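For reference, the chains in residue letters:
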Amino acid sequence: MSDKKQQVSRRQFLNYTLTGVGGFMAAGMLAPMLRMAVDPVLKESGQGDMANVGLSVDDITNEPQKIDWKIDQVDGWYESQVNRSAWVFKDENGDIQAFSPICKHLGCVVSWGGSDEYPDQFFCPCHDGRYYKDGTNVPGTPPLQPLDVYESEVRDGILFLGDAVPRKGA
Ligand code: FES
């Protein structure tokens, strides 16, 4: 009696087989489609890469100079070019400094020597924000944090910059 219950009919066998084969084929077709749809999202964007900003180290002086460059940015399926800027100079130790020009108050653009009254400071015209040459904010002016600093390195005498990052402890 129990032997009879365990028998699989021809119809059931065909059902199981077709379901298994069909499922296997469907998975084989869907996997590449799913991967194609999701892959750009999982890929790391270009952020973190160092970009050649087209400036020779020999041309960097103690006087901050503004440089502009473009980077390719990939955001999911969308690729675009993004403009970037930095104030670059050599400090008193000869080390290269590269500051973001974005004011830490409300995001206006700061300029070196932009105020006749404070020619040796970075100046933000929006609310008279000021920063010392080392990028730290002048107390009593609207910005409450120092300017962000670009990651930098020199390759074959050419300056490469990465992302602008807030200063530690700021
Ligand atoms: S945005 Fe720069 S001081 Fe306000």
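Residues numbered from 1 in each chain as written. Predicted model: local features only at pLDDT ≥ 70, side-chain atom pairs only at ≥ 80, totals over all residues.

Chemist: How would you sum up the overall build of the protein? Please name residues and give values.
Modeler: Counting its secondary structure elements, the protein contains two helices and nine strands. Taken across its 170 residues, the protein has 16% of its residues classed as buried. Sequence separation of 24 or more characterises 42% of the internal contacts of the protein that already satisfy a separation of 6 or more. (Helix = DSSP H or I, 4+ residues; strand = E, 2+ residues; numbered from the N terminus. Buried ≥ 20, exposed ≤ 12 C-beta atoms within 10 Å, placed from the backbone. Contact = placed C-beta atoms within 7 Å.)

Chemist: I'd like to hear about the sheet that holds strand E7 (residues 129–131), residue by residue, with values.
Modeler: Reading across from one edge, E5-E6-E7 is the order of the three strands in this open sheet, with antiparallel pairing throughout. Of all strands in the sheet, those with a lone pairing partner are strand E5 (111–112) and E7, marking the two edges. Pairing analysis gives two bridges linking E5 to strand E6 (residues 122–124), with the strands arranged antiparallel. Paired with Trp112 across the two strands is Phe122, which belongs to E6. (Pairing = 2+ DSSP bridges.)

Chemist: Give a detailed account of the pairing of strand E3 (residues 78–90), specifying residues and quantitative values.
Modeler: The pairing of strand E2 (residues 65–75) with E3 spans 11 bridges and is classified as antiparallel. Across the sheet, the residue bridging to Asp75 is Tyr78, located in E3. Between E2 and E3, which pair antiparallel and follow one another directly, the connecting turn spans two residues, one of which, Gly76, has a positive phi of 65 degrees. Across four bridges, E3 lies against strand E4 (residues 96–99) in antiparallel orientation. Paired with Lys90 across the two strands is Ile96, which belongs to E4. Between E3 and E4, which follow one another and run antiparallel, lie five residues, and Gly94 among them has a positive phi close to 85 degrees.

Chemist: How would you sum up the UniProt feature "transmembrane region" (unreviewed entry) in the protein? Please name residues and give values.
Modeler: Residues annotated in UniProt with the feature "transmembrane region" (unreviewed entry) correspond here to residues 12–34. Taken end to end, residues 12–34 is 100% helix and 0% strand, and its first and last C-alpha atoms sit 32 Å apart. (UniProt positions renumbered as here; feature names shortened; annotations may be inferred.)

Chemist: Give me the environment of Asn62: which residues, what numbers.
Modeler: Tracing the sequence through the fold places Asn62 in the loop between strand E1 (51–56) and E2. Those residues in contact with Asn62, other than ones at most four positions away along the chain, are Phe89 and Lys90.

Chemist: Go over the nonpolar core, please, and point to the residues and values.
Modeler: Among the nonpolar cores identified, the biggest contains 18 residues, and Ala86, Val88, Ala98, Val110, Phe122 and Leu161 are the most heavily contacted of them. Elements that contribute at least two residues to this core include exactly E1, E3, E4, E6 and strand E9 (158–165). (Core = buried A, V, L, I, M, F, W, Y, C linked by C-beta atoms within 7 Å.)

Chemist: Can you lay out the environment of Ser100 for me, pointing to particular residues and giving the numbers?
Modeler: Residue placement: Ser100 occurs in the loop between E4 and E5. On the neighbour-count criterion, Ser100 (22 C-beta atoms within 10 Å) is buried. As for Ser100 and Val110, which are separated by 10 residues in sequence, their C-alpha atoms are 8.7 Å apart. Not counting residues within four places of it along the chain, the set of residues in contact with Ser100 comprises Ala86, Leu147, Asp148, Tyr150 and Ala164.

Chemist: Describe the environment of Glu79, and please don't skip the residues or the numbers.
Modeler: Turning to its location among the elements, Glu79 is positioned in strand E3. Excluding anything up to four places from it in sequence, Glu79 contacts Asp72 and Val74.

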